[in-house]
Amino acid sequence: MAKFIIRRFFLLVLTMFLVSIAVFMIVESSPGNVAKNVLGAFITPEQEASFLAQQGLDKPLLQRYWFWLMGSDRTAARKSGLELELIETEAGFQEWWAKGKDNTLMRWDIEGDDLTVYVKDSDGKITSRKDNQRWSDAKDGSQIFWGIDRSNHAVLWVKGSANEVWTFVVGTGWIKSTGGPQSYIPLKKGFLRGDFGVSLRTGRPVGKSLFIRLRNSVVLAGIAFVVVMPLALMLGMVAGINEGSFKDRFLSISGMIFSVIPEFATGIFLILIMSHWLELVPGASVFGEKAPWQRPDMLILPVLTLTLIELGYVLRITRASMAEVMRSAYIRTAFLKGLPFWQVVLRHAAKNALIAPITVIMLHVNWLMGGIVIVEVVFGYPGLGQYLLDSALYKDVNAIEAGTMIMVLLAVGTQLFADILYTFLNPRIRYS
Amino acid sequence: MEKTQNRSEDKIKSQSDINGINQKASTSKTENSKKSRFRDTLAVLFSSKAATTGLILVMFWVFVALLAPYITSYSPTEQDWKAPNQGPSLSHPLGTDELGRDLWSRLAYGARIVLIIMPVNEKLWIPGGTAIWGVLAALFFGASLGLVSGYKGGWPDEIIMRLLDAMMSIPVILLYLIIVAALGASAVNVVIAIAIVGTPGVARLVRSLTLDIRTRDYVRAAETRGETLLYILFMEILPNAKGPIIIDAMLRVGYAIFAMGTLGFLGLGMPPPSPDWGSMVAKGREFILMGNPWASLWPSLAIASLVVGLNLLADGLREESMRYQ
C-alpha cells in the first residue's frame, strides 16, 4: 500500500512536471505575442522590445523555465554579489531589496550617469543619496553595475549607455526614459518555493488573484456537489431497484440526455427559461467586490446547470451498481429470510452499491472541472476557469502555468485519493 | 426484456458479429450475407425506441447538412441590415441574428462544417466534417498506439501507457484551452485538439482488445507465416476488434461535436464569418437580455439534439449488443 501511494505520488509529480514543460513550449511556439495582447496592437517595436525585456521574456526558453520553477533570486544574487530579500510592505505589496550592513535594505535608480541608492532602515524610513562608488570596470572598459531597481528586477546598468526604456502607466500612457538597464532579471522565488510570479496581463502577483478565483470556484463546485450527490444517489438507487421498469428507463434516459448536452447549451436554456421568460432569478453572476455567498440568488442558475449535467452521470453509475447488487445472491437470501423490502435495500444493498459511485465520482473531477469552466463563462462567474481562459487568450504564461498546475494537482490528487479511499471501502482490493 | 425472447437465432449471431470480437476469423462472406447482416443491424436498431429516436435525430442533421443549399433561401453570410435580431417570421423561419443573417441558413451550413466538409483554409475545403476528422485522427493515433502497446507488451507498453495515463489525468478542458488558445482558432486546430484529447481513450480500448485477440490462433498463424508486424497489427488484429471500436467512435463523434461547440462558445472555434454553432451561441448570448433569445436558442438546440441523438444511438446499440452476450 505504501509502495503504491509512493508510486502514484511520484507519477503525480512527474505529470505536473511534464505538463508544466508542455505548457511552456506550447505558449512559446504559438503565434501572437503577449506584449501586443496586453498593450494593444499599435505599440511600436521599441516599446514591445522594452516590455518583453522588462518581463524577462527576451531570455532563452530554458532559462525562463528555470526561473519560473526555481526562482531567479539566486542567479541575481550571484551576478550582483548582493544578498537579496523579499519583504511585504504595509500596503500589501511584495518588494525585493538588497540587504546591506546592519539590516538596512537598498535599491537603486539611475539618473544620467549618477546612481542613486534608496536605503530603508530597520524602522521603515527611506532615505536616498548618490552612490557612484558602486560602478565597477567591465572587461570591455565600460563601467557597469548589477543592482536591484525599484520595480523588482535585478538589472545591469552600464554607465553612459542610452538605452531607451518605455514604461506603460495606466491612466498616463507611455513614459520614455533613457539610461535604462542593459538587461533585466525579474525577481521571483519560483514555483517550487511557492511563488507563481507576476501576471503579465494585470501586473499583480498571480498567487493573490488566483486564490480568490479558486475560492469562488470551490464555493460553486461545493454547493453543486452538496445538491447533486444526495439527489443523484437516491434517484440512482430508485432506478437500480426497479431495473427495466418505466421509472428506470425514464430516469436513466433523461439523466443521459442532460449529461451529454453541452454545459453552455444547458446554461442558455436555463437563462432563457428562468431568467428571460419567467424572470425568477438573475441570469448572470456579477459580484463585483462581494463574495459569492453574499449574493446567493446569483448562484442559483450556475448551480442548477452543474446539477443537471452531473446528475445524469452519477445517477447512471449508481443505477448500474445498484442493479448489479440487487441481482446478487446475498440480497436474494435476505429477501428469502423475510426481511422487509426497505431494510434489505437500505441496510444490505446500499452499503455495497455505493462503493463504486463514490470512487467513480472522484475520478469524475476531471470532467467536472470542464463543466465549471464553461458554466463560469456562461454566467460571467469570477472563478478559476474564467481566469484561465482570459490568461490563455492573452498568453499570460505565469497565470496559465499557475492555473494549470492547480487544476492538474486537483485532478490527479483526487484520483489518487479515490484509489486510496477505495481500498478502505472495499477490503477485497489490494494494490501491490 | 420480453422482446428479446422473440428474436430469431440469426439476429443473435449478427449482433455478436457487429459488436463483440469476431470469434471466427473472416469466414467466406458472400454479398448476400452482408446484405442480410445490414438488414439485421437495422432491425436491432429499430427495436429500441431510444436508438430509433437517436437515429432519426442524427439522420435529420445529416440530411440538413447534405441538402443545405437546396433547403435554405439565403446564403449563411448574407446580411439583411434592415432586419437584424428578428424572431421567427415567414421570410426567416427561425429569425435573424444581429447582422440580419438568416438563422436557419446558418444552422444548416453549420451542420455541414460539423458533419460533411472541413474548411482547411479559405480556398480548400475537404470532404468529411470537422468533428469526423477529429475522431478519425484520434482513432488512427489511438489505434496505432494501442495496437503496438497491447501486442508488444513489455517496456513499450509501459512507456506508452504511463504517458497516456498522464495525459488522461489532465482535465480535458485545460487541454482544449491551451491547445487551441495557443495554436489559434481554425478548423485544423480544432481537429488537432479533438485528436489529442481523444487519443488516450482510444488507445486504452484498442490495447485491451488487442491483449485478448493476440492470443488467438489466427494471429499465431500469421506470425508463423512470417507476416510483417504492420500486417499482423492492421490486417489481423484491428479488423477483429472493430465492433467495440465502432460504438466507441460513435460516442466520440458526440464528444467531438460537444467539444467543437464548447470551443466555439469560448471563442476558440472557427474564425468569424463561418456559421459555427458554438460561436453563434456565444454571439447570440449578448442579445438575450435585449430581448432576442433566438440567435442563441437555435444553435444550442441544434448541438444538444445532435449530441443527444448520437448518444442515444450508440447507447441503444451497446445495450442491444450487451443483451446477447
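As shown above, the structure is provided for reference.
Residues numbered from 1 in each chain as written. Chains lettered and ligands numbered in written order. Predicted model: local features only at pLDDT ≥ 70, side-chain atom pairs only at ≥ 80, totals over all residues. Heavy atoms only, no water.

For the rest of this paragraph, the subject is the environment of N426 of chain A. Structurally, the position occupied by N426 of chain A is in the segment after α15 (397–425). Along the backbone, N426 of chain A and A356 of chain A are 70 residues apart, and their C-alpha atoms lie at a distance of 9.3 Å. (Helix = DSSP H or I, 4+ residues; strand = E, 2+ residues; numbered from the N terminus.)

Now for the environment of T89 of chain A. All names here are of chain A. Within the secondary structure layout, T89 lies in the loop between β1 (83–88) and β2 (94–99). Along the sequence, T89 and G312 sit 223 residues apart, while their C-alpha atoms lie 50 Å from each other. Discounting residues that sit within four places of it in the chain, T89 has contacts with E95 and K120. (Contact = heavy atoms within 4.5 Å.)

With that settled, the discussion passes to the packing of aromatic side chains. Residues and elements named next belong to chain A. Under the definition given, this model contains 14 aromatic pairs over all chains. Consider the rings of W68 and F191, whose centres lie 4.9 Å apart with planes at 15°: the pair is stacked. In this pair, W68 sits in helix α4 (residues 61–70) while F191 sits in the loop between β11 (183–186) and α6 (206–241), placing the two residues 123 residues apart along the sequence. Like W68, the residue F191 is buried in the burial classification. Grouped by ring-pair contacts, the aromatic residues F17, F24, Y65, W68, F191 and F196 constitute a single cluster. (Phe/Tyr/Trp six-rings, centres within 6.5 Å; stacked < 30°, edge-to-face > 60°. Buried < 20%, exposed > 50% of the residue type's maximum accessible area, 1.4 Å probe, protein only.)

Once that is clear, we can look at the packing of helix α13 (residues 242–265) of chain B against helix α14 (residues 277–285) of chain B. Residues and elements named next belong to chain B. Packing of α13 against α14 leaves a shortest axis separation of 6 Å and a crossing angle of 35°. Crossing handedness for the pair α13 and α14: right-handed. Packed against α13, whose contacting residues are G261, G264 and F265, the element α14 presents G278, S279, V281, A282 and R285 at the interface. Considered class by class, the residues forming the contact of α13 with α14 number 3 nonpolar, 4 polar and 1 charged. (Axes fitted to C-alpha atoms, helices over the stretch in contact; angles between N-to-C directions. Left-handed = near helix turned anticlockwise from the far one by under 90°. Nonpolar A, V, L, I, M, F, W, Y, C, P; charged D, E, K, R; others polar.)

Before going further, it helps to examine the interface of chain B and chain A. On the side of chain A, 45 residues touch chain B, which itself brings 40 residues to the contact. Here chain B packs against chain A, burying approximately 3,800 Å² in sum over the two surfaces, 80% of which is carbon and sulfur. If you sort the residues of chain B by the area they bury against chain A, S169, I178 and F258 of chain B come out on top, with a joint share of 14%. With its nearest N and O atoms 3.4 Å apart, the salt bridge here joins D315 of chain B to R316 of chain A. Seen at the junction of chain B and chain A, the total is 3 residue pairs in polar contact (both at pLDDT 80 or more). Listing elements by their share of the side of chain B that touches chain A, those giving two or more residues are α8 (154–168), α9 (172–183), α13, α14 and α15 (294–324) of chain B. It is α15 of chain B that contributes the most residues to the side of chain B that touches chain A, 13 residues altogether. When the residues that make up the side of chain B that touches chain A are grouped by side-chain class, the tally is 28 nonpolar, 7 polar and 5 charged. (Buried area = accessible area lost by both parts, 1.4 Å probe. Salt bridge = Lys/Arg side-chain N within 4 Å of Asp/Glu carboxyl O. Polar contact = N/O pair within 3.5 Å; in protein donor to acceptor, adjacent residues only side chain to side chain.)

This paragraph deals with the sheet that holds β1 of chain A. Each strand in a sheet pairs with another by means of backbone hydrogen bonds, the pair being arranged parallel or else antiparallel. Residues and elements named next belong to chain A. Ordered in space as β1-β2-β3-β4-β5, the 5 strands form an open sheet in which the pairing is antiparallel. Of all strands in the sheet, those with a lone pairing partner are β1 and β5 (126–130), marking the two edges. Across the sheet, the mean angle from the axis of one strand to that of its neighbour is 40°, orientation sign disregarded. For β1 and β2, the ladder comprises 6 bridges, and the chain directions are antiparallel. Looking across to β2, one finds that L86 is bridged to W96. (Pairing = 2+ DSSP bridges.)

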